[in-house]
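Residue-level structure breakdown
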Amino acid sequence: MKNIIHKSIYVLCLMGGLYVSSCSDDDTSLTPVTNVSYEPTMGGAIITYTAPASNDLLYVKASYTNSQGDRVFRSSSIYDNSIEIEGLADETKTYPVAVTAVDKWGGETSAVTINVQPGRSYINIVKDNLTIHPLCGGLLLEWENPAGVQTASDAVNNPGKQVYVVIDYTDADGVTRTRYLSSKQKNAMAKVRGLFAGQYKVTYHVEDTSGNKTEQSSAVACNVPAEEEFKKFIERDDPVNGLVKDFIWKLVPKLTTLQEAWEYKNAAIFDGIVNISTDANTQSYAGTDCDNSSVSYGAAIPWDTEQVDIVVDLNQVVSISRMKGWQRAYKYGAQPYAGGDDMTSGVSKDYDYYQPDNLKRFKVFGSMSLNEEDWFLIQDCDIATNTTNWQGTLPQYWTNPEWYGNTNVYMPTNESYAIAEEGHEWELNEMTDSVRYIRVRFVENWDLSKRVVAGLSEINLYGAVLVTPEELAAKEAAASSRKE
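Residues numbered from 1 in each chain as written. Predicted model: local features only at pLDDT ≥ 70, side-chain atom pairs only at ≥ 80, totals over all residues. Heavy atoms only, no water.

1. Here's the deal with the sheet that holds strand β12 (residues 187-193)
For clarity, the threshold we go by: Each pair of strands is called paired provided DSSP finds at least two bridges between the two strands. Note on conventions: DSSP H or I runs of at least 4 residues are helices, E runs of at least 2 residues are strands, and numbering of each starts at the N terminus. All axes are obtained by fitting lines to C-alpha atoms, using only the stretch in contact for helices, and the reported angles, taken between N-to-C directions, cover 0 to 180 degrees. Contacts between residues were defined by any pair of non-hydrogen atoms, one from each residue, lying within 4.5 Å.
Sheet architecture is open: three strands sit in the order β8-β9-β12, paired in antiparallel fashion. Only two strands of the sheet have a single neighbouring strand rather than two, namely β8 (131-135) and β12. Pairs of neighbouring strands in the sheet enclose a mean axial angle of 20°, with direction left out of account. Sheet analysis places strand β9 (residues 138-144) next to β12, joined by seven bridges and oriented antiparallel. Paired with leucine 139 across the bridge in β12 is valine 192. The strands that helix α2 (residues 122-129) touches are β8 and β9; relative to β9, the one it contacts most, it runs at about 130°.

2. Looking at the environment of valine 165
Relative to the assigned elements, valine 165 resides in strand β10 (residues 163-170). Spatially, the C-alpha atoms of valine 165 and isoleucine 123 are 9.2 Å apart, while their sequence positions differ by 42 residues. Here valine 165 is in contact with Leu130, Leu141, Trp143, Arg179, Tyr180, Leu181, His205 and Val206, once residues within four sequence places are set aside.

3. Some points on the nonpolar core
For clarity, the threshold we go by: In this description, a nonpolar core means a group of buried Ala, Val, Leu, Ile, Met, Phe, Trp, Tyr and Cys residues linked to one another through side-chain atoms lying within 4.5 Å. Residue exposure (1.4 Å probe, protein chains only): buried if accessible area is under 20% of the type maximum, exposed if over 50%, otherwise partly exposed.
Counting residues in each nonpolar core, the largest one holds 50 residues, and the members touching the most others are Trp249, Ile320, Phe362, Val440, Phe442 and Leu461. At the level of secondary structure, the elements contributing two or more residues to this core comprise β19 (309-327), β22 (359-367), β23 (376-382), α3 (414-422), β27 (435-445) and β28 (456-467). Ignoring sequence-local partners within four residues, the contact set of isoleucine 320 consists of Phe230, Ile378, Leu428, Glu430, Met431, Thr432, Val435, Leu461 and Tyr462.

4. Points about α2
Helical periodicity: at 3.6 residues per turn, an α-helix aligns residues three or four positions apart in one direction. Where α2 is concerned, the buried positions are Tyr122, Ile123, Asn124 and Val126. For α2, the elements touching its buried residues are β9, β10 and β13 (198-207).

5. Side note on the sheet that holds strand β4 (residues 71-77)
Whenever strands of a sheet pair, they do so through backbone hydrogen bonds, lying parallel or antiparallel. With antiparallel pairing, the four strands of this open sheet are ordered in space as β4-β3-β6-β7. Looking at which strands have only one partner, the edges of the open sheet turn out to be β4 and β7 (112-116). Neighbouring strand axes in the sheet, compared pairwise and without regard to direction, differ in orientation by 25° on average. Note that strand β6 (residues 95-103) and β7 share five bridges and pair antiparallel. The residue bridging proline 96 from the neighbouring strand is asparagine 115, located in β7.

6. Some details on the confidence of the model for the protein
This is how it is decided: For every residue, the predictor states its confidence as a pLDDT score lying anywhere from 0 to 100.
In this model, the protein carries an average pLDDT of 85, and 83% of its residues clear a pLDDT of 70 or more. Mean pLDDT across the secondary structure elements of the protein bottoms out at helix α1 (residues 2-15), with 41, and peaks at strand β18 (residues 250-251), with 98. Across residues 1-24, confidence stays below pLDDT 50; counting only partners more than four residues off in sequence or on other chains, it has 20 contacts. Between residues 336-347, whose pLDDT stays under 50, and residues either more than four places distant or in other chains, the model counts 33 contacts.

7. Observations regarding the packing of aromatic side chains
The cut-off we apply is this: Centre distance within 6.5 Å is the pairing criterion for rings of Phe, Tyr and Trp, where only the six-membered ring of Trp is used; planes under 30 degrees apart are then read as stacked, over 60 as edge-to-face, and the remainder as tilted. Working rule: Lys NZ or Arg CZ, within 6 Å of ring centre, within 35 degrees of ring normal, means a charge sits over the ring.
Using the criterion set out here, one finds nine aromatic pairs in the structure. Taken together, a centroid distance of 6.4 Å and an interplanar angle of 65° make the contact between tyrosine 353 and tyrosine 354 edge-to-face. What makes tyrosine 353 buried here is its relative accessible area of 0%. Relative accessible area serves as the criterion here: at 0%, tyrosine 354 is assigned to the buried category. Through a chain of ring-to-ring contacts, the aromatic side chains of Phe233, Phe247, Trp249 and Phe270 assemble into a single cluster. Over the aromatic face of tyrosine 462 sits the side chain of arginine 322, whose NZ or CZ is 3.9 Å from the ring centroid. A cation sits over an aromatic face here: arginine 439 above tryptophan 375, 4.5 Å from the ring centre.

8. A closer look at unusual backbone geometry
Here aspartate 304, not a glycine, exhibits a phi torsion of approximately 55°, which is positive. In this fold, aspartate 304 is placed in the loop between β18 and β19. Here asparagine 315, not a glycine, exhibits a phi torsion of approximately 55°, which is positive. With respect to the helices and strands, the residue asparagine 315 is situated in strand β19. Overall, the relative accessible area of 17% leaves asparagine 315 in the buried class.

9. Side note on the pattern of salt bridges
Side-chain pairs of opposite charge can arise whenever the charged atoms involved come near each other. The condition that has to hold: By definition here, a salt bridge exists when the distance from a side-chain nitrogen of Lys or Arg to a carboxyl oxygen of Asp or Glu is within 4 Å.
Evaluation of the coordinates by the stated rule reveals 25 salt bridges. With a closest N to O distance of 3.4 Å, lysine 61 and glutamate 108 form a salt bridge. Here glutamate 108 lies in the loop between β6 and β7 and lysine 61 lies in strand β3 (residues 57-65), a separation of 47 residues in the sequence. Linking aspartate 309 and arginine 441 is a salt bridge whose minimum nitrogen-to-oxygen distance equals 2.7 Å.

10. Considering the pairing of β28
Within β28, ten of the twelve residues are buried, leaving the element largely enclosed by the surrounding structure. Pairing between strand β15 (residues 228-229) and β28: two bridges, direction antiparallel. Bridge pairing in β28 links glutamate 229 to tyrosine 462. Relative to β28, β19 runs antiparallel, the two sharing ten bridges. Paired with isoleucine 320 across the strands is glycine 463, a residue of β28.

11. What to know about the side chain of asparagine 124
Tracing the sequence through the fold places asparagine 124 in helix α2. Since its relative accessible area comes to 13%, asparagine 124 is described here as buried. When neighbours within four sequence positions are excluded, asparagine 124 is seen to be in contact with Ala89, Glu91 and Thr214.

12. Here's the deal with the side chain of arginine 322
How we decide: Here a polar contact is recorded for every N or O atom pair within 3.5 Å, except that within protein the pair must consist of a potential hydrogen donor and a potential acceptor, and residues adjacent in sequence are included only if both atoms are side-chain atoms.
Looking at where arginine 322 falls in the secondary structure, it is placed in strand β19. In this structure arginine 322 comes out as buried when scored by relative accessible area, which is 17%. For arginine 322, the side chain forms a polar contact with the side chain of glutamate 227, separated by 3.0 Å. Within polar-contact distance, the side chain of arginine 322 engages the side chain of glutamate 425 at 2.7 Å. Excluding residues that lie within four positions of it along the chain, arginine 322 makes contacts with Glu227, Glu425, Trp426, Glu427, Leu428, Asn460, Leu461 and Tyr462.

Next up, the structure:
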């Protein structure tokens, strides 16, 4: 009978266009929730309770004022016995939370109030562990968000919590600018680009989706270096030979183990010639071939070992921020998907990019000496997976039974061709330690074959020059004279 009265009063309230508090507050047959307790979480809590045993129960509600001073509530269905609240950014405070039961007609029980002291907020944890590193022309920020997601598959069950990192940086002229960065990844990184070289003072704070903010950090001094492409050679006019190149970069013969075959030259990777022209038989690339009689590897190329290295003395000391590499663009003979033998000056008109014999992956190491223990990995460069300038779909995997003994090959797209012409880029997450020597190690080609050639046309390095070629030469000359 009482349920009928409730329903009648509720309908009359609606028909009269009135909001009457007695229609929803403290006018219910439900009993208040019991056994209310909580477990602190990062910036919030999980409140547990025992709901009234009644078929009239619609949901349980937790009402509270968050750190921004906004009155909010969270609710749970009749099938749950807990409510998660958030937006409590200050772990030193307690927040009163009123827990009520609501029936199907809007009637609400008296509140059971519990004082909640949250755990340390995840935005404060992010602020505590955030680090800033200078890059050439920018900054790298890294942080760990304990409420974030590790992988995309994890997000299916736990979407993670977004954080916003707001940085203010002031340059040498006193001009302050602001950048907003965001991520819900557990281990996150973000880059700020477009900064001029110079000294910067950087401060930051962290926000959550509810608008809670951490305190502003103390200033971090960052010296941002200018980025430049490292010189490989100097061009000059020669009265006999015309324009010639005096090379700064030079091969280190005793450590360069990639065996040259056919037209391949190891020094081609730093000759400044990117093999993208059909008008001339430039053929400027490095590679090897086990089917050539001059190569003594045997039945298979020893991928990813010290036997397929190109070692270069840069003749300068640098800190590397990014690199670019180019595949071999053309080759003798028609391509598996070209459908013919149309040639120009001994070079096919069709691209060789992404074909079975072209280089897909290589590693670049750096060192300040030629001692084996001093080498460190700079970047594992995989064109298929980790380039900076193209994260799109791979060229389509395709089988042409008339070529390469039924070998599957990649069918490139116009997008992948454009990227190959531009050069595949790898932007490092932080500047390297000082480097004088680099080691380029061949790892695999596109069809993973063990005998077929691999081509690398060119490699460019960018970053900060710490000791110029001229300064290094002067130092070495001075050291040599002291020995004499």
